[in-house]
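Architecture and fold: a report
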There are 2 protein chains.
Amino acid sequence: MARPTPLSGFPEWLPAARIVEQHVLDSVRRTFELHGFVGIETRAVEPLDQLLRKGETSKEVYVLKRLQATEDEQAEANLSAADKQGLGLHFDLTVPFARYVLENAGHLAFPFKRYQIQKVWRGERPQDGRFREFVQADIDVVGAGALPYHFEVEVPLVMAEALGALRAVGVPPVRILVNNRKVAEGFYRGLGLEAVDGVLQIIDKLDKIGPQKVAAALVADLGASDEQAQACLELASISGEDLTVVDRVRALAQTHGVESELLDEGLVELGALIEAAAVRAPGVVVADLKIARGLDYYTGSVYETVLVGHEELGSICSGGRYDTLASDGANTYPGVGLSIGISRLVSRLLGAGLVQASRSVPSAVVVAVTSDETRPASEAVATALRARGIPVEVAPAAAKFGKQIKYADRRGVPFVWFPAGLGHDGEPVAHQVKDIRSGEQVEADPATWEPSADDWWPRVLPVG
Amino acid sequence: MARPTPLSGFPEWLPAARIVEQHVLDSVRRTFELHGFVGIETRAVEPLDQLLRKGETSKEVYVLKRLQATEDEQAEANLSAADKQGLGLHFDLTVPFARYVLENAGHLAFPFKRYQIQKVWRGERPQDGRFREFVQADIDVVGAGALPYHFEVEVPLVMAEALGALRAVGVPPVRILVNNRKVAEGFYRGLGLEAVDGVLQIIDKLDKIGPQKVAAALVADLGASDEQAQACLELASISGEDLTVVDRVRALAQTHGVESELLDEGLVELGALIEAAAVRAPGVVVADLKIARGLDYYTGSVYETVLVGHEELGSICSGGRYDTLASDGANTYPGVGLSIGISRLVSRLLGAGLVQASRSVPSAVVVAVTSDETRPASEAVATALRARGIPVEVAPAAAKFGKQIKYADRRGVPFVWFPAGLGHDGEPVAHQVKDIRSGEQVEADPATWEPSADDWWPRVLPVG
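Residues numbered from 1 in each chain as written. Chains lettered and ligands numbered in written order. Predicted model: local features only at pLDDT ≥ 70, side-chain atom pairs only at ≥ 80, totals over all residues. Heavy atoms only, no water.

A few points about the packing of aromatic side chains
Heads up, the rule is: Each aromatic pair joins two rings of Phe, Tyr and Trp (for Trp, the six-membered one) with centres within 6.5 Å, and gets the label stacked for planes under 30 degrees apart, edge-to-face for over 60, and tilted for any other angle. Helix and strand assignments come from DSSP, with helices taken as H or I runs of at least 4 residues and strands as E runs of at least 2, each series counted from the N terminus. Each residue is placed in one exposure class: buried if its accessible area under a 1.4 Å probe, protein chains only, is under 20% of its type's maximum, exposed if it is over 50%, and partly exposed if it falls in between. Two conditions define a charge located above a ring, namely a distance within 6 Å from the ring centre to NZ of Lys or CZ of Arg, and an angle within 35 degrees of the ring normal.
All chains considered together, the criterion is met by 17 aromatic pairs over all chains. Each ring, one from Phe 110 of chain B and one from Tyr 333 of chain B, has its centre 5.3 Å from the other, and the planes form 35°; the classification is tilted. One end of the pair, Phe 110 of chain B, is in the loop between helix H5 (94–104) and strand E5 (112–121); the other, Tyr 333 of chain B, is in strand E12 (residues 332–341), and 223 residues separate them in sequence. Tyr 333 of chain B carries the same exposure label as Phe 110 of chain B, and that label is buried. An aromatic cluster of at least three residues, connected via ring pairs, comprises Tyr 297, Tyr 298 and Tyr 322 of chain A. Sitting over the face of the ring of Tyr 407 of chain A, Arg 411 of chain A holds its NZ or CZ atom 3.7 Å from the ring centroid. Its end group placed over the ring of Phe 97 of chain B, Arg 114 of chain B keeps NZ or CZ at 3.9 Å from the ring centre.

This is the structure in structure tokens:
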């Protein structure tokens, strides 16, 4: 077998890099759980008709076929209707979560706060920060029938905390950009532009194509007047961290004679979010009226998040409020959620050399082996240390001690333990442990010795 | 959208059950890391030609197709040769690990000890304990060129410890059944039966079809004599926890005039495993000479594991030694590993009602909300508690306190916190926390109060 080559778009990490990713996953999970979010996992597959409800993503779906499955076998296997009609890999965690809520509504307590950390798949062309297989970490709050606005304030603040907790390991600060669909929709309609989705889709391209082309598209595609197009651009240019943002939108509306209850409602909501964020996550949450989120199902707050200094990477954490996550006829389930692109974040942390692991294995100690016959004595030392929660491995072979120290050194393991035994002169020798960084070697007792807290487990650290 | 129904073979858990599964995953991961195993993840897909190297599994593979992918698009996307020839979902974690080792050999330190906890997919007919999507937790040790025998002793003992650590939450004891291919192969060849793989495949069916049919098959399919068939059955009937097993095999070989260096080597190895296990995992590891493992790539120790009292579930943790995990022409990589069927184990724990979570959400505390205006005061209490690592949520609405207590109760949250404020009489009221199980309510300070260790996080417990 020839040496295989990586598949473009399917990232995999070497052990030390995986320690970084695992730390990010453990850390965000802890924040989600501190806020009472429940962890769930859904299956990787969904019926194709569910995945294809939003036509725009249809090209991205990976369809599954059983190899050599025949019609006979399918009949024999007594497949459900959904199975017969085809299965695909999920391309996000929102569609599966909506299905999970409907399927289990009778067993869930609402409002239901869940987190979900899983891989998703999209058959897109791979680019920097854009993968075919990647990990997302989502939180959503979903209500039965109704969902109070304050959750639209809570979820971005949870994400601010989750991402903020990673600052200590070298992750750059983030800026969470927020807007409110009601503001945009109320303003556009008040201007006389009824094709709200169309305007949003064009505004969404502002960063890519610039204001002149956006204005031209609004006029050409949607029949907007120059004044209407200009007003849309002025709205999109408003941003800031305090309530003056709300005042500026109000002033702009007045200038253009826009009156809209929806706009007023949206401004109250946006103001509440800005006020709460100024207390709980100062400097992190920024109102930015150009944030459009191209998807048509958002109905209130929308969010995007940039890594400061890495804005060109695109959003690493996006989401919003949707009035109908799911509906089963009897009930509708409104929700609000955000999704961290873990793979995008981690690949940037590693690719830009921002973050590193202190070693490439869990072990804090390698116990040396004096001879094949005394391996059980080395195992006994390892067992005693592990019983107190210290990660330990025993050297693979009774090689010269220099070689065993090298084994530890190659993996970044800080300590090598030399078990008690008989010295060259036949005299008893006590247990000794060597810090291979400093060379310091001391007598030690397997029942009481422990590494410093910093050396206990691999740590994730800023580079440099 | 009508209420969706579950897909057979794709298990999903409700929140409280997921807490059980998550506990199992966290617990085995901790044991693996205490033993110095490195966590890696591989992509979910492999080139089809790699997945189909072992013909027997070909029907189980799920093949991936991009929906609406055209030849033009494929050319445009600049796909690798592997991508063009087709991708499938991995059906185990061994094939991907072998590929990972070859792909990254230059960056790995050998012997390389890794764990890997991921979903795998098989398009098989679902049955009790047999799923189409399931989670495996694997450990393997792989060497470059050589791998000392002692790792064949180590890996089942790590699994004994990982599974033993779950006893505290109500998981039944396990029995790890071990055999050695060298013993079987040496014995069969010494008897004059050269079709070793054929014999193993027939012996593997012993529990299913019984000794008479096994003997008949050995005679009919492989041309064995009655005496040879009988000797194979006698070997398969030997089992035990101490070295008398080795003596009994030696005696049986003598009876049948079997002389084999391979048999002798295998017996030394099997004896060493039994001796070490008697010290480090007494009563857990049992030599069982009928364990065959149908797969042809095992070359030394083989392992299966039963849950005591649930033997009919089949093995929940299997594996063995293989001399060639992978080979790139220049090097071969021998290895030894075991894989826990996490989904099979967890579905039995839940299905048989053996294990439960103490609550269905992470939160130890629900902070009540007195009025919409004072929600920030409730949030401030929650923030103070979370700063000390206590999982907390704030009540969703400023409903009557009875309703807020019910919100906590439905989720099994033990404490409700009533923030300081003004009482009905306008007098200041201090912070109070209520244990809703006992009804006891006491004054408390958000800066110092904490729940008992038992109440801090959801616990996983034996039922009854």
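Topic: the relation of the copies chain B and chain A
Both copies of the chain are tied together by a single rotation about an axis and a shift running along it. The condition is simple: Copies overlap after least-squares fitting; the atoms used are the C-alpha atoms of residues with pLDDT of at least 70 in both. What makes two residues a contact is simply this: any of their non-hydrogen atoms within 4.5 Å.
Aligned on chain A, chain B shows an RMSD of 0.0 Å; the corresponding rotation is 180° and the shift along the axis is 0.0 Å. The operation mapping one copy onto its partner corresponds to a two-fold rotation axis. Rotation axis and chain B: the residue whose C-alpha lies nearest the axis is Leu 64 of chain B, separated from it by 2.5 Å. Comparing contact sets, 100% of the residues at the interface of chain B also lie at the interface in chain A, consistent with an isologous, same-surface contact.

Overview of the sheet that holds strand E20 (residues 441–443) of chain B
Residue and element names in this part refer to chain B. Here is the rule: Only strands that DSSP links by at least two bridges are regarded as paired with each other. Only the stretch in contact is used when fitting a helix axis, every axis being a line fitted to C-alpha atoms; angles between N-to-C directions are given from 0 to 180 degrees.
Pairing is mixed in the open sheet, where five strands are placed in the order E15-E14-E16-E19-E20. Unpaired on one side and paired on the other, strand E15 (392–394) and E20 mark the two borders of the sheet. For this sheet, the mean inter-axis angle between neighbouring strands, taken without regard to orientation, is 25°. Direction of pairing for strand E14 (residues 365–367) relative to strand E16 (residues 415–418): parallel, over a ladder of three bridges. The residue bridging Val 366 from the neighbouring strand is Val 416, located in E16.

Here's the deal with the pairing of strand E11 (residues 317–327) of chain B
Residues and elements named next belong to chain B. For E11, the tally of buried residues reaches eight of eleven residues, placing the bulk of the element in the interior. In the sheet, E11 pairs with E12 via eight bridges, with the strands oriented antiparallel. Note on E12: the bridge partner recorded for Ser 318 is Ser 339. Where E11 folds back onto E12 in an antiparallel hairpin, the turn is made up of four residues, including Gly 329, whose phi is positive at roughly 90°.

Quick notes on the interface of chain B and chain A
By a widespread convention, an interface's size corresponds to the accessible area lost as its parts come together. Here is the rule: Salt bridge, as used here, is a side-chain nitrogen of Lys or Arg placed within 4 Å of a carboxyl oxygen of Asp or Glu. Side-chain atoms alone can form a polar contact between residues adjacent in sequence; in general such a contact is a pair of N or O atoms within 3.5 Å, and within protein one must be able to donate a hydrogen while the other accepts it. Residue classes follow a fixed rule: Ala, Val, Leu, Ile, Met, Phe, Trp, Tyr, Cys and Pro count as nonpolar, while Asp, Glu, Lys and Arg count as charged, and any other residue, Gly among them, counts as polar.
Counting from both sides, the interface comprises 95 residues of chain B and, opposite them, 95 residues of chain A. Across the chain B-chain A interface, the total number found is ten salt bridges. Asp 26 of chain A serves as the salt-bridge partner of Arg 29 of chain B, at 2.6 Å between the closest nitrogen and oxygen. Counting the contacts that link chain B with chain A gives 36 residue pairs in polar contact (both at pLDDT 80 or more). Per element, the largest residue contribution to the side of chain B that touches chain A is eight residues, and it comes from helix H1 (residues 15–34) of chain B. Of the residues that constitute the side of chain B that touches chain A, the class distribution is 44 nonpolar, 20 polar and 31 charged. Relative to strand E3 (residues 62–66) of chain B, strand E3 (residues 62–66) of chain A runs antiparallel, the two being bridged by five bridges. Paired with Lys 65 of chain A across the strands is Val 63 of chain B, a residue of E3 of chain B.

A closer look at the packing of helix H11 (residues 244–255) of chain B against helix H12 (residues 261–280) of chain B
Residue and element names in this part refer to chain B. The condition is simple: For classification purposes, angles smaller than 35 degrees are called roughly parallel, those larger than 145 roughly antiparallel, those between 65 and 115 roughly perpendicular, and all remaining angles oblique. Note: crossing handedness is left-handed where the near helix turns anticlockwise from the far helix by less than a right angle, and right-handed where it turns clockwise.
Viewed as axis vectors pointing N to C, H11 and H12 meet at an angle of 165°, and their least axial separation amounts to 9 Å. Taken as axis vectors, H11 and H12 run roughly antiparallel relative to one another. Note that H11 runs across H12; the crossing there is right-handed. Where H11 approaches H12, its residues Val 245, Val 246, Val 249, Arg 250 and Ala 253 are matched on the opposing element by Leu 263, Leu 267, Gly 271 and Ile 274. Classifying every residue of the contact of H11 with H12 gives seven nonpolar, one polar and one charged.

So, helix H12 (residues 261–280) of chain A
Since one α-helical turn is 3.6 residues long, residues separated by three or four positions face the same way. All names here are of chain A. Counted only if it meets this: By this rule, a helix spans an expected 1.5 Å times one less than how many residues it contains.
Given a rise of 1.5 Å per residue, 20 residues ought to cover 28 Å, and the 29 Å separating the end C-alpha atoms of H12 matches this to within 8%. Every buried residue of H12 is accounted for by Leu 263, Gly 266, Leu 267, Glu 269, Leu 270, Gly 271, Leu 273, Ile 274 and Ala 277. Its side-chain oxygen at 3.2 Å from the backbone nitrogen of Leu 262, Ser 260 defines the N-terminal cap of H12.

Digging into the packing of helix H8 (residues 196–203) of chain A against helix H9 (residues 206–222) of chain A
To characterise two packed helices, one gives the angle between the axes of the helices and the distance between these axes. Residue and element names in this part refer to chain A. The N-to-C vectors of H8 and H9 enclose an angle of 150°; their axes lie 8 Å apart at closest approach. Between H8 and H9, the angle falls in the class roughly antiparallel. Along the contact surface, H8 presents Gly 198, Val 199, Ile 202 and Ile 203, while H9 presents Leu 206, Val 214, Ala 217, Leu 218, Asp 221 and Leu 222. Of the residues in the contact of H8 with H9, the class split is eight nonpolar, one polar and one charged.

Some points on the domain arrangement of chain A
All names here are of chain A. Keep this limit in mind: By convention here, the domain bounds are inherited from an automatic or database domain assignment. A simple way to read buried area is as the amount of 1.4 Å-probe accessible surface that goes missing from two parts once joined, with both sides added.
Domain boundaries assigned for chain A yield domain 1 (15–356) and domain 2 (365–462). For domain 1 versus domain 2, the distance between C-alpha centres works out to 49 Å. Each partner contributes to the interface: domain 1 provides nine residues, whereas domain 2 provides five residues. At the boundary of domain 1 with domain 2, total buried surface from both sides reaches about 540 Å², with 66% on carbon and sulfur atoms. Linking domain 1 to domain 2 there are zero salt bridges. Inspection of the domain 1/domain 2 interface yields one residue pair in polar contact (both at pLDDT 80 or more). Every element with two or more residues in the side of domain 1 that touches domain 2 is listed here: helix H1 (15–34) and strand E13 (355–357). The biggest single contributor to the side of domain 1 that touches domain 2 is H1, with three residues. In the side of domain 1 that touches domain 2, the residues fall into six nonpolar, three polar and no charged.

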